[in-house]
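# Per-entry structural report
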Amino acid sequence: MTLPYDDPFIRLRPRLMAIAYRMLSSVQEAEDLVQDVWLRWHAEMAQARTVVLNPEAWLVTVTSRMAIDRLRAAKRQREAYPGLWFPEPLPDEGPATPEQLREQADDVSIAFLLLLDCLTPEARAAFLLREVFEADYDQVAAAIGKSESASRQIVHRARQRLDAARDAQGRASTPLPAEAQQRLLQRLVAAIMQGDFGAIQALLAEEAAFMGDFGGVPPSLAAPLTGARRIAQLYFTFHRRHGAAMRLELARLNGEWALLRWLDGALDSVQFFEFDGDRILRVRVQRNPAKLVALGRHLGATRPVASH
């Protein structure tokens, strides 16, 4: 059965993908989940046992419930994950207005997705549906299988938990407009490629931190690297070790500017940043090859993902 182009699923698929990705922090898992939602929708339409009066509510509810179940299973699996776990990078889709860029950066940034991990899967779904996707409480209640009053309490407690998690992180980063992010990171790229140790260090806050998701693939860091000088030395070493084989470029990922590192034409890592004014406060590196597959596919077959 082929769905017509005016089918509600086709129209709502971007919204369902957005929910699934923010729940699971994985492009591949979100795509698999939405495909399973399509199969359920396909079966529902084929059987035609009942009339779906509100297709959007049906699809959002099914997507949310499936995401809650899968996130529960994923959290158990992550207990055995080697080292730090970071979300899979999400390519930005096409040009956006400055207002859209600010909104997207708020709700899909790597820092925000990691913050959401402090919530239970049920609370995460309720919070996202209400605060990010602006669903009414009756829809939130249907999606998580609770009463409206209970859903309100869950969302309220989720806000409190997120605020507490932010406070526990220590020094907060300062929001930086996209244009300023780009200019600062362009200076970082130039300094690294020129092997200018002093210029690299000057772009880093003294208490800067560098951490990564390596997926157990060496070389990796056993613990976050802290301090502007130590991080600058790491970048300087990248330049000395790889020379002309290394290429750096900026790309819009997860609503913010990120740094792609290519080695011998293959995507080796993606770096995300948080800022303190005009300096870099945190660097999060995604180097797990399995989490670079979707991004590599998005960038095109001419830039294969490193297999290590």
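Here, every reference points to the structure presented above.
All of the points below concern the structure found in this document. (Residues numbered from 1 in each chain as written. Predicted model: local features only at pLDDT ≥ 70, side-chain atom pairs only at ≥ 80, totals over all residues. Heavy atoms only, no water.)

### Here's the deal with the pattern of salt bridges
Stated precisely, the cut-off is as follows: Here, a salt bridge means any Lys or Arg side-chain nitrogen found within 4 Å of an Asp or Glu carboxyl oxygen. Put simply, DSSP H or I for four residues or longer makes a helix, DSSP E for two residues or longer makes a strand, and each gets a number counted from the N terminus. To sort residues, take the accessible area from a 1.4 Å probe on protein chains only and compare it with the maximum for the residue type: under 20% means buried, over 50% means exposed, and anything in between is partly exposed.
According to the stated counting rule, one finds 15 salt bridges in the structure shown. Note that aspartate 69 is salt-bridged to arginine 72, the shortest N-O span being 3.2 Å. On the criterion of helical spacing, the pair formed by aspartate 69 and arginine 72 is a turn pair, its members being three residues apart in helix α3 (residues 55-78). A relative accessible area of 48% means that aspartate 69 is categorised as partly exposed. Linked by salt bridges that have partners in common, Arg78, Asp117 and Arg124 make up one network.

### Concerning unusual backbone geometry
Here the amide bond leading from proline 218 into proline 219 is cis, since omega sits at -5°, within 30 degrees of zero. Take proline 219: it is sitting in the loop between β1 (204-213) and β2 (225-226). One non-glycine residue, glutamate 134, lies in the positive phi region at around 55°. Looking at where glutamate 134 falls in the secondary structure, it is placed in the loop between α6 (121-132) and α7 (137-144). Under the relative-accessibility criterion, glutamate 134 is labelled exposed at 67%. The phi dihedral of aspartate 264 is positive, around 50°, even though this residue is not glycine.

### Here's the deal with the sheet that holds strand β6 (residues 279-286)
Inclusion rule: Only strands that DSSP links by at least two bridges are regarded as paired with each other. Here, residues are in contact when the closest pair of their heavy atoms is within 4.5 Å. In this analysis, axes come from line fits to C-alpha atoms, helices being fitted only over the stretch in contact, and the angle between any two N-to-C directions falls in the range 0 to 180 degrees.
Spatial ordering of the open sheet is given by β2-β1-β6-β5-β4-β3, a layout of six strands whose pairing is mixed. Of all the strands in the sheet, just β2 and β3 (246-253) have a single pairing partner and so form its edges. Here two bridges tie β1 to β2, and the two strands are oriented antiparallel to one another. By the bridge assignment, phenylalanine 210 is partnered in β2 with leucine 225. Contacting β3, β4 (256-263), β5 (266-276) and β6, helix α9 (residues 178-194) crosses the sheet at an angle of about 170° to β3. Against the sheet, helix α11 (residues 228-242) makes contact with β1, β2, β3, β4, β5 and β6, and its axis sits at roughly 55° relative to β1, the strand it touches most.

### Quick look at the environment of leucine 248
You can see leucine 248 is positioned in strand β3. Remark: the alpha-carbon pair of leucine 248 and isoleucine 192, spanning 56 residues in sequence, is separated by 8.9 Å. Excluding its chain neighbours within four sequence positions, the residues that come into contact with leucine 248 are Val189, Ile192, Met193, Leu259, Leu260 and Arg261.

### What about the nonpolar core?
Where we set the bar: Buried Ala, Val, Leu, Ile, Met, Phe, Trp, Tyr and Cys residues form a nonpolar core when they are joined through side-chain atoms within 4.5 Å.
In terms of nonpolar packing, the biggest core is built from 50 residues, with Met23, Val37, Leu116 and Leu119 touching the most fellow members. When contributions to this core are tallied by element, the ones reaching two or more residues are α1 (8-24), α2 (27-47), α3, α5 (110-116), α6, α7 and α8 (148-168). Element by element, the count of residues in this core is highest for α1, at 10 residues. Aside from chain neighbours lying at most four places away, what touches leucine 116 is Arg22, Arg124, Phe127, Leu128 and Leu162. In this structure, Leu176, Ile200, Tyr235 and Val283 belong to the second largest nonpolar core, which totals 33 residues.

### A short note on α11
Going by this rule: Working rule for helices: expected span equals 1.5 Å times residues minus one.
For α11, with 15 residues, the first-to-last C-alpha span of 21 Å sits near the 21 Å given by 1.5 Å per residue. Looking at α11, one finds that the buried residues are Ala228, Ile231, Ala232, Leu234, Tyr235, Phe236, Phe238 and His239. Looking at the residues trailing α11, positive phi occurs at glycine 243, about 50°.

### Quick notes on the environment of alanine 164
Following the sequence through the fold, alanine 164 ends up in helix α8. Residues alanine 164 and cysteine 118 lie 46 residues apart in sequence; the distance between their C-alpha atoms is 9.7 Å.

### Regarding the packing of aromatic side chains
Counted only if it meets this: Note on aromatic contacts: the rings of Phe and Tyr and the six-membered ring of Trp form a pair at centre separations within 6.5 Å, being stacked when their planes are under 30 degrees apart, edge-to-face when over 60 apart, and tilted otherwise. Either the NZ atom of lysine or the CZ atom of arginine qualifies as a charge over a ring when it sits within 6 Å of the ring centre and within 35 degrees of the ring normal.
Per the counting criterion, the structure on display carries five aromatic pairs. Here the aromatic rings of tyrosine 235 and phenylalanine 238 are separated by 6.0 Å at their centres, their planes lie at 85°, and the arrangement is edge-to-face. Highlighted residues: tyrosine 235 and phenylalanine 238, both in helix α11, separated by three residues, approximately one helical turn. Given the relative accessible area of 1%, tyrosine 235 is considered buried. Exposure remark for phenylalanine 238: the relative accessible area of 13% places this residue in the buried category. With centroids separated by 6.4 Å and ring planes inclined at 25°, the aromatic side chains of phenylalanine 273 and phenylalanine 275 adopt a geometry described as stacked. The same class applies to phenylalanine 273 as to phenylalanine 275, namely buried. Joined through ring pairs, the aromatic side chains of Phe210, Tyr235 and Phe238 make up one cluster. Lying over the aromatic face of tryptophan 85, arginine 78 brings its terminal NZ or CZ to 3.7 Å of the ring centre. Seen from the ring of phenylalanine 238, arginine 261 lies directly overhead, with NZ or CZ sitting 4.2 Å from the centre.

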